[in-house]
Amino acid sequence: MSLYWILNLTSLSVPFLVSFHPRIQLYKKWKALSLAIILAMIPYIIWDIWFTENGYWGFNLEYLSGVYLLHLPIEEWFFFVSIPYACIFTHYALIELFPKVQVGVKQVNFITYLLLGVFLIGAIVFNQKWYTFIDLVIGLVILVVAFISNKALLQKFYLTFIIMLIPFFVVNGILTGTGIENEVVWYNDLQNLGIRFGTIPIEDSVYAFSLILLNLVLFEKFSHIKKGESIDSPKF
């Protein structure tokens, strides 16, 4: 089994198993969850294929199974299932453990406007760095959608995302070369800022932010449609 498969399955295994816990019961929401993951995957897969074909990033055959779909390793496709699932589980598990902990509305407004300003200015200034530019534009668009459609989600997400950054840095660190001889995923530094947290490009933090947030927005939307209740947070 390839290293990339091991990382995917390890990321998914514990959240999947604990999804059946009576306090979480995420398995009861698998239809909404599946729809959210599939739809959120589409723009990221298109982005992934484009960047791979243009050499903006790529994959080390040494750590892959060798199975490809539309020029992407099959492990990369599964990444957009395992990581969103694990992060959605983590988000709601933390809410279950700490239901009263959230950011106030004024603080959410301030953080959101600050992030939107950073994303917008960064995209303008670094418009010739394709990874940086696309990363910030997509982050900006998804954050605007979340802010308009479900501000209550952001009150929790701004806190849970900080916690989710811990496993993110572990998994993404290995993918980008921490503790192994070569990278599983390599980056063309001409298309990013060249700033790294250890081996992780700084842009990856925005990538994680937008990917997780998009999955959560869609998940809550589909849960709302199914049950006809407030989308402040699904009731597990």
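See the structure printed just above.
Just so it is clear, the model here is predicted, and its values are computed rather than measured.

What counts and how
Residues numbered from 1 in each chain as written. Predicted model: local features only at pLDDT ≥ 70, side-chain atom pairs only at ≥ 80, totals over all residues. Heavy atoms only, no water. Axes fitted to C-alpha atoms, helices over the stretch in contact; angles between N-to-C directions. Helix = DSSP H or I, 4+ residues; strand = E, 2+ residues; numbered from the N terminus. Parallel < 35°, antiparallel > 145°, perpendicular 65-115°, else oblique. Contact = heavy atoms within 4.5 Å. Nonpolar A, V, L, I, M, F, W, Y, C, P; charged D, E, K, R; others polar. Bend = angle between axes of the 7 residues up to and from the residue. Phe/Tyr/Trp six-rings, centres within 6.5 Å; stacked < 30°, edge-to-face > 60°. Buried < 20%, exposed > 50% of the residue type's maximum accessible area, 1.4 Å probe, protein only.

1. Topic: the packing of helix α2 (residues 30-53) against helix α5 (residues 130-149)
Step number 1: At a closest axis distance of 12 Å, the pairing of α2 and α5 adopts a crossing angle of 170°. One element, α2, and the other, α5, form an angle in the roughly antiparallel class. Every residue of α5 that contacts α2 at Tyr 44, Trp 47, Trp 50 and Phe 51 is listed here: Trp 130, Tyr 131, Ile 134, Asp 135, Ile 138 and Ile 142.
Step number 2: Class assignment of the residues belonging to the contact of α2 with α5 gives a composition of nine nonpolar, no polar and one charged.

2. Some words on helix α6 (residues 151-175)
Step number 1: At Phe 157, α6 shows its maximal bend, which comes to roughly 35°.
Step number 2: Downstream of α6 by a residue or two, Gly 177 has a phi angle that is positive, lying close to 120°.

3. Focus on the packing of aromatic side chains
Step number 1: Inspection of every chain in the model, using the stated rule, returns 32 aromatic pairs.
Step number 2: Considering the side-chain rings of Trp 57 and Tyr 207, the 6.3 Å spacing of their centres and the 80° angle between planes classify their relative orientation as edge-to-face. Taken together, the positions of Trp 57 in strand β1 (residues 57-59) and Tyr 207 in helix α7 (residues 203-227) put the pair 150 residues apart, joining distant regions of the chain. For the pair Trp 57 and Tyr 207, a shared accessibility class is recorded, and that class is buried.
Step number 3: Here Phe 169 and Phe 197 contribute two aromatic rings whose centre-to-centre distance is 5.9 Å and whose plane-to-plane angle is 85°, an arrangement assigned as edge-to-face. Taken as a pair, Phe 169 in helix α6 and Phe 197 in strand β5 (residues 196-197) lie far apart in primary sequence, 28 residues in all.
Step number 4: Given a relative accessible area of 41%, Phe 197 falls into the partly exposed group.

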